[in-house]
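The chain contents come next:
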Number of protein chains: 2
Amino acid sequence: MQKLIDKIKAEGRYLGNSILKVDSFLNHQVDSELMMEIGQQLFKRLSDSTDKPITKVLTAEASGILPALTTAMSGNCRMIYARKSISKTMVDDFYTAKAVSRTRGNDVAFYVNSRFLSPDDNVIVIEDFLATGSSISALVDIVQQSGANLIGIGTVIEKPAENGRAVIGKALQQDCPIASLACIDFENDELVTSLGNLQVERNI
Amino acid sequence: MQKLIDKIKAEGRYLGNSILKVDSFLNHQVDSELMMEIGQQLFKRLSDSTDKPITKVLTAEASGILPALTTAMSGNCRMIYARKSISKTMVDDFYTAKAVSRTRGNDVAFYVNSRFLSPDDNVIVIEDFLATGSSISALVDIVQQSGANLIGIGTVIEKPAENGRAVIGKALQQDCPIASLACIDFENDELVTSLGNLQVERNI
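What this report covers is the structure whose coordinates are included nearby. Nothing here was measured: the structure is a model prediction, and the numbers come from that model.

Cut-offs applied
Residues numbered from 1 in each chain as written. Chains lettered and ligands numbered in written order. Predicted model: local features only at pLDDT ≥ 70, side-chain atom pairs only at ≥ 80, totals over all residues. Heavy atoms only, no water. Helix = DSSP H or I, 4+ residues; strand = E, 2+ residues; numbered from the N terminus. Rg over C-alpha atoms; globule rule 2.2 N^0.38 Å. Buried < 20%, exposed > 50% of the residue type's maximum accessible area, 1.4 Å probe, protein only. Contact = heavy atoms within 4.5 Å. Areas by Shrake-Rupley, 256 points an atom, 1.4 Å probe, with all protein chains shown as cover. Buried area = accessible area lost by both parts, 1.4 Å probe. Salt bridge = Lys/Arg side-chain N within 4 Å of Asp/Glu carboxyl O. Polar contact = N/O pair within 3.5 Å; in protein donor to acceptor, adjacent residues only side chain to side chain. Nonpolar A, V, L, I, M, F, W, Y, C, P; charged D, E, K, R; others polar. Pairing = 2+ DSSP bridges. Least-squares fit on C-alpha atoms with pLDDT ≥ 70 in both. Axes fitted to C-alpha atoms, helices over the stretch in contact; angles between N-to-C directions. Parallel < 35°, antiparallel > 145°, perpendicular 65-115°, else oblique. Left-handed = near helix turned anticlockwise from the far one by under 90°. Expected span 1.5 Å × (residues − 1). Core = buried A, V, L, I, M, F, W, Y, C linked by side-chain atoms within 4.5 Å.

### Comments concerning the overall build of chain A
Okay, so step 1: From N to C terminus, chain A includes 5 helices and 12 strands.
Okay, so step 2: Rg of the C-alpha trace for chain A: 16 Å, near the compact-globule value of 17 Å for 204 residues, within the 12% margin.
Okay, so step 3: Taking the principal axes of its C-alpha atoms as reference, chain A extends roughly 45 × 35 × 35 Å.
Okay, so step 4: Counting only residues that meet the buried cut, chain A has 60% of its 204 residues in that class.
Okay, so step 5: Excluding contacts between residues fewer than 6 apart, the proportion of contacts in chain A whose partners are at least 24 apart in sequence is 67%.
Okay, so step 6: Taken as a whole, chain A presents about 8000 Å² of accessible surface, with 44% of it coming from carbon and sulfur.

### Some remarks on the interface of chain A and chain B
Okay, so step 1: At the junction of the two partners, chain A supplies 51 residues and chain B supplies 51 residues.
Okay, so step 2: Both faces considered, chain A and chain B share a buried interface measuring about 4300 Å² in area, 53% of it formed by carbon and sulfur atoms.
Okay, so step 3: Taken together, the connections running from chain A to chain B amount to 8 salt bridges.
Okay, so step 4: Measuring nitrogen to oxygen at the nearest pair gives 3.7 Å for the salt bridge that ties B:Glu11 to A:Arg78.
Okay, so step 5: Put simply, chain A and chain B have 22 residue pairs in polar contact (both at pLDDT 80 or more) between them.
Okay, so step 6: Sorting the residues of the side of chain A that touches chain B by element identifies helix H1 (2–11), strand S3 (29–30), helix H2 (32–47), helix H3 (65–75), strand S5 (78–82) and strand S7 (107–113) of chain A as the ones contributing at least two each.
Okay, so step 7: Among the elements that take part in the side of chain A that touches chain B, H3(A) stands out by supplying 6 residues, more than any other.
Okay, so step 8: By residue class, the composition of the side of chain A that touches chain B is 22 nonpolar, 13 polar and 16 charged.
Okay, so step 9: The pairing of S3(A) with strand S5 (residues 78–82) of chain B spans 2 bridges and is classified as antiparallel. Following the sheet pairing, A:Gln29 is matched in S5(B) by B:Ile80.

### Thoughts on the relation of the copies chain A and chain B
Okay, so step 1: Expressed as a screw operation, the relation of chain A to chain B combines 0.0 Å of axial shift with a rotation of 180°, fitting to an RMSD of 0.0 Å. Taken together, the rotation and translation describe the operation of a two-fold axis. No C-alpha of chain A lies nearer the rotation axis than that of A:Ala62, which sits 2.7 Å from it.
Okay, so step 2: The fraction of interface residues of chain A whose copies in chain B are also interface residues reaches 100%, indicating that both copies meet through the same surface.

### Brief notes about the packing of helix H1 (residues 2–11) of chain B against helix H2 (residues 32–47) of chain B
All names here are of chain B.
Okay, so step 1: Put simply, H1 and H2 touch, their axes get as near as 10 Å, and they point 140° apart. Overall, the two elements H1 and H2 adopt an arrangement that is oblique. Viewed along their axes, H1 and H2 form a crossing whose handedness is left-handed. Along the contact surface, H1 presents Lys-3, Leu-4 and Lys-7, while H2 presents Glu-33, Leu-34, Glu-37 and Ile-38.
Okay, so step 2: Residues of the contact of H1 with H2, tallied by class, amount to 3 nonpolar, no polar and 4 charged.

### Let's talk about H2(B)
Okay, so step 1: Helix length check: H2(B) (16 residues) gives 22 Å between terminal C-alpha atoms against 22 Å at 1.5 Å per residue, within 8%.
Okay, so step 2: Between the side-chain oxygen of the N-cap and the backbone nitrogen of B:Glu33 there are 3.2 Å, and the N-cap of H2(B) in question is B:Asp31.

### Let's talk about the pairing of strand S8 (residues 122–130) of chain A
Residues and elements named next belong to chain A.
Okay, so step 1: With 9 of its 9 residues buried, S8 lies for the most part within the structure.
Okay, so step 2: Across 3 bridges, the pairing between strand S4 (residues 56–60) and S8 is parallel. Counted as the bridge partner of Val-57 is Ile-124 from S8.
Okay, so step 3: In this structure, S8 lies alongside strand S9 (residues 149–158), joined through 8 bridges in parallel fashion. From the neighbouring strand, Glu-127 faces S9, where its bridge partner is Thr-155.

### A short note on the pairing of strand S11 (residues 190–195) of chain A
Within a regular strand, side chains alternate between the sheet's two faces.
Residue and element names in this part refer to chain A.
Okay, so step 1: Summarising the sheet, strand S10 (residues 176–187) and S11 pair through 6 bridges and their orientation is antiparallel. Paired with Phe-186 across the bridge in S11 is Leu-191.
Okay, so step 2: Counting the residues that bridge the hairpin from S10 to S11 gives 2 residues, and of these Asn-188 lies at a positive phi of roughly 55°.

### Here we look at the nonpolar core
Okay, so step 1: Of all hydrophobic cores here, the largest spans 77 residues; its most connected members are A:Leu4, A:Leu26, A:Ile38, A:Met79, B:Leu4, B:Ile38 and B:Met79.
Okay, so step 2: Sequence-distant contacts of B:Met79, defined by excluding residues within four places in its chain, comprise A:His28, A:Gln29, A:Val30, A:Leu66, B:Val57, B:Thr59, B:Ile65, B:Ala68, B:Leu69 and B:Ala72.

### Some remarks on unusual backbone geometry
Okay, so step 1: Of note, the bond from A:Glu61 into A:Ala62 is cis; its omega dihedral lies within 30 degrees of zero at 0°.
Okay, so step 2: A positive phi angle, near 60°, is found at A:Ser18, a position not held by glycine.
Okay, so step 3: Tracing the chain through its elements places A:Ser18 in the loop between strand S1 (13–14) and strand S2 (20–21).
Okay, so step 4: Residue classification places A:Ser18 among the partly exposed residues on the basis of a relative accessible area of 28%.
Okay, so step 5: Positive phi, normally seen in glycine, also occurs at B:Asn163, with a value near 60°.

Okay, here's the thing in structure tokens:
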């Protein structure tokens, strides 16, 4: 998605240690118009790769909520965001899985109310970043626990050097397309961008 | 907003202790079409009450992100969500304020990068719930710290019995309209709904 790459080049700030700060448009301040186009692109790429109607979009709080909501709006379906803690109001059973936060360095658990995913659902998983693959693998795990059909995985920015696709491939119980809209890498501490891709990852 | 009230009546689950669970469409699973209409309504009501162009929509992670994003989309402006913790990538100065979480019972701090709010901004604050007014007051505090103009406050569901407007009124440095789309109350443990309202709250 060229517009996204242009935005990354114009506003991304490299902090070293392979961390690119995109908080001016993606995950703190948000460019609402660009976010809608991101959702349209993710929905199109993932719905084009299946003949099943997508019923749910699953993400995790907080930064995944933005692209997941616009993806769900594009497909006129419901979205679910996994909670990172249990509140007093979570009185039902839930699915849970653990991930490691790359920028915070701690373990986080995701919780999804079991009422909201069923074997009748065709689900796509959306996250803002695909880096180590830890949080997406946890969301994949939750979809698989529920018995719902995992139709595809979509991410806004992929960092191929961190090999997240291989990690997700190990979590997958069946083939699943993974779409990204932009890839970033760092060579000699310089940002290198390329168009994202859509590829079916296999269970290894 | 009658459609919202119908949804609350159809899907809201009363847990006792004045807590209504709306996680099937508002703050865990999300009805993306309804959320867009909520954003359109909030933007319309608050922009109609000012002659200034709204430049930013401010909320707090996580559940506020949904209505704040669709409000920002309706006005084609940027949105900002206050973070509840500082990550390794937050290298700039930030504004901060504290709130008490009603459903979790603990203190939370909100952080907003100081680059994203300036005296040139005309800001509306959006939250999913207006109950005790604690989190909205913290967001108001952050806007006022930045010197930006606070144009209005919008909330999806208001619980008038918890007197949040009086708490926010004390935090306000000037008159500010507060709009809600639906009000809920409990009489003899029965849910009572009414249309939300738009009212200018004064500094007390």
